[in-house]
Amino acid sequence: KGDNWEPISIGFMEGVTVHAIVQEFENPNLLFAGTEFGIFFSNNGGEKWVQLKSGIPTIAVRDIAIQEREEDLVLATFGRGFYILDDYSPLRRVNEPLTEKNAHLFDIPEGRMYIQKRGTYGQGSTYYTGDNPKYGVKFTYYLKESPKTREQLRHEKEKELFKEGKRIPQLSWKEQREEEQEVSPYLIFTIYDDAGNVVRKLTQKPSKGIHRVAWDFRYENPYPARENGKFNPFDDDRSGILAMPGTYQVAISQYHRGEITELVAPKEFDIRQLEITTLPAPDREEMVAFQEKVADLTRTMVGASRLSGDMMDRIKQIKQTILNTPA
């Protein structure tokens, strides 16, 4: 009743002002605090606080509200701005044993499938919209450490040598070439259907901490990849047709220095279609099977067309070479 008090501010900056504090409705040990310099959370009753970032600027958070049905965290900031963290429920399960794991995939909420509206026409400069939540089923994951490239490791070593006043060695031609040709590490999210077939692969840049990626319920792009001059695992290709509602699995792997290592074994999740279609297909399964056949035919036709184009370019080069050859 106020006879004894103890500080619960470990993790805050010294002297920081706390404007608002909210206790989570399901887990009383999960607290959110809006401070002069951002939003913090604690899942152990305030014994230790951790700052939430991932898009939140360092700004005064004056008020906090929880939308219980969707489990969203809503923030009101000093500059009349609003920020929403969609589905904060994974923060309930962040604990010491989890953070010791190399990687962890949190429980996956049911994916709700629908066709997105593409926008509104004719509004002129008066039309305004904020960013919507990412469309699709969300995968929330934790990564203990992000693997480093040869260049990053070299920079760290050079900093240590510089502090110690020691000589910094120069790269050999071979070492420089290895650094230039090294492909940066990346995460691979492989999605399987209930028969074990690969439906889609998503790539993400690895970064330590808790992150989220969304699958838009679609198969791979049916068009063959175009040559872009340099390999880029993060190229955002166009998606294919919508998948069927049902049960799927997702696994997380990591590419680093030519090797792919599985970080999280396949984990099940469900997707269902919201019954809001104006003209629904009489037999969706038959429609998807037909679309898959069309996608395969498209892939074959586009690939053949590109191959014939490449061969025509080669014939031009051969003819030009023959013309320029003296003998």
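Quick note: structure is the one above.
All of these numbers come straight from a predicted model, not from anything done at the bench.

Procedures and definitions
- Residues numbered from 1 in each chain as written.
- Predicted model: local features only at pLDDT ≥ 70, side-chain atom pairs only at ≥ 80, totals over all residues.
- Heavy atoms only, no water.
- Helix = DSSP H or I, 4+ residues; strand = E, 2+ residues; numbered from the N terminus.
- Rg over C-alpha atoms; globule rule 2.2 N^0.38 Å.
- Buried < 20%, exposed > 50% of the residue type's maximum accessible area, 1.4 Å probe, protein only.
- Contact = heavy atoms within 4.5 Å.
- Areas by Shrake-Rupley, 256 points an atom, 1.4 Å probe, with all protein chains shown as cover.
- Lys, Arg positive; Asp, Glu negative; His and termini not counted.
- Charge placed at Lys NZ, Arg CZ, Asp CG, Glu CD.
- Salt bridge = Lys/Arg side-chain N within 4 Å of Asp/Glu carboxyl O.
- Pairing = 2+ DSSP bridges.
- Axes fitted to C-alpha atoms, helices over the stretch in contact; angles between N-to-C directions.
- Phe/Tyr/Trp six-rings, centres within 6.5 Å; stacked < 30°, edge-to-face > 60°.

Engineer: How do you make sense of the overall build of the protein chain when you look at a structure like this?
Structural biologist: Each helix and strand in the protein chain was counted, giving four helices and 15 strands. Here the C-alpha radius of gyration of the protein chain, 26 Å, is well above what a compact globule of 327 residues would show, namely 20 Å. Counting only C-alpha atoms, the protein chain reaches 100 × 75 × 50 Å along its principal axes. Scored against the burial criterion, the 327 residues of the protein chain give a buried share of 30%. Restricting to contacts in the protein chain with at least 6 residues of sequence separation, those with at least 24 account for 56%. Carbon and sulfur atoms make up 50% of the accessible area of the protein chain, which amounts to about 23200 Å² in all. Side-chain charges of the protein chain comprise 44 positive and 50 negative groups, with the mean position of each set lying 6 Å from the other.

Engineer: Help me out: how do you make sense of the pattern of salt bridges in this one?
Structural biologist: Here the idea is simple: oppositely charged side chains can pair when their charged atoms come close. According to the stated counting rule, one finds 17 salt bridges in the structure shown. The partner of Arg272 in a salt bridge is Glu110, and the shortest N-O contact between them spans 2.7 Å. With Arg272 in strand E15 (residues 259-273) and Glu110 in the loop between strand E8 (103-105) and strand E9 (111-113), this residue pair connects regions lying 162 residues apart in the sequence. Using a relative accessible area of 36% as the deciding quantity, one classes Arg272 as partly exposed. By relative accessible area, which is 40% here, Glu110 ends up partly exposed. Between Arg150 and Glu182 there is a salt bridge; the shortest N-O distance is 3.7 Å. On the criterion of sequence distance, the pair formed by Arg150 in helix H2 (residues 150-163) and Glu182 in the loop between helix H3 (173-181) and strand E11 (186-192) is long-range, its members being 32 residues apart. The class of Glu182 is buried, set by a relative accessible area of 15%. If you follow the salt bridges from partner to partner, you end up with Glu24, Glu26, Glu71 and Arg92 in one network.

Engineer: When you look at the sheet that holds E15 in this model, what are you seeing that I'm missing?
Structural biologist: Backbone-to-backbone hydrogen bonds pair the strands of a sheet. The strands run either parallel or antiparallel. Judged by pairing direction, the sheet is mixed, and its five strands sit side by side in the order E9-E15-E14-E11-E12 without closing on themselves. Edge strands, defined here as strands with exactly one partner in the open sheet, are E9 and strand E12 (198-204). Put simply, the sheet's adjacent strands are angled 30° from each other on average, direction ignored. Relative to E15, E9 is paired through three bridges, and the arrangement is parallel. Its bridge partner being in E15, Arg112 is matched across the sheet by Arg272.

Engineer: Would you take a moment to explain the sheet that holds strand E4 (residues 50-52) for this structure?
Structural biologist: With antiparallel pairing, four strands are arranged side by side in an open sheet as E1-E2-E3-E4. Strands with a single pairing partner mark the edges of an open sheet, and in this sheet they are strand E1 (18-23) and E4. Averaged over neighbouring strand pairs, the angle between their axes works out to 30° when direction is ignored. As defined by bridge partners, strand E2 (residues 31-35) adjoins strand E3 (residues 38-42) across five bridges and the pair is classed as antiparallel. The residue bridging Ala33 from the neighbouring strand is Phe40, located in E3.

Engineer: For this particular structure, what's the right way to read the packing of aromatic side chains?
Structural biologist: Think of a pair of aromatic rings as described by two things: how far the centres are apart, and how the planes are tilted against each other in angle. The tally for this structure, following the rule as stated, stands at 15 aromatic pairs. A centroid spacing of 6.4 Å and a plane angle of 10° characterise the contact between Phe139 and Phe189, whose relative ring orientation is stacked. Within this pair, whereas Phe139 is found in strand E10 (residues 137-143), its partner Phe189 is found in strand E11, the two being separated by 50 residues in sequence. For the residue pair Phe139 and Phe189, the accessibility class agrees, reading buried in each case. Plain terms: the ring middles of Trp215 and Phe269 are 6.2 Å apart, the flat faces sit at 80° to each other, and that makes the pair edge-to-face.

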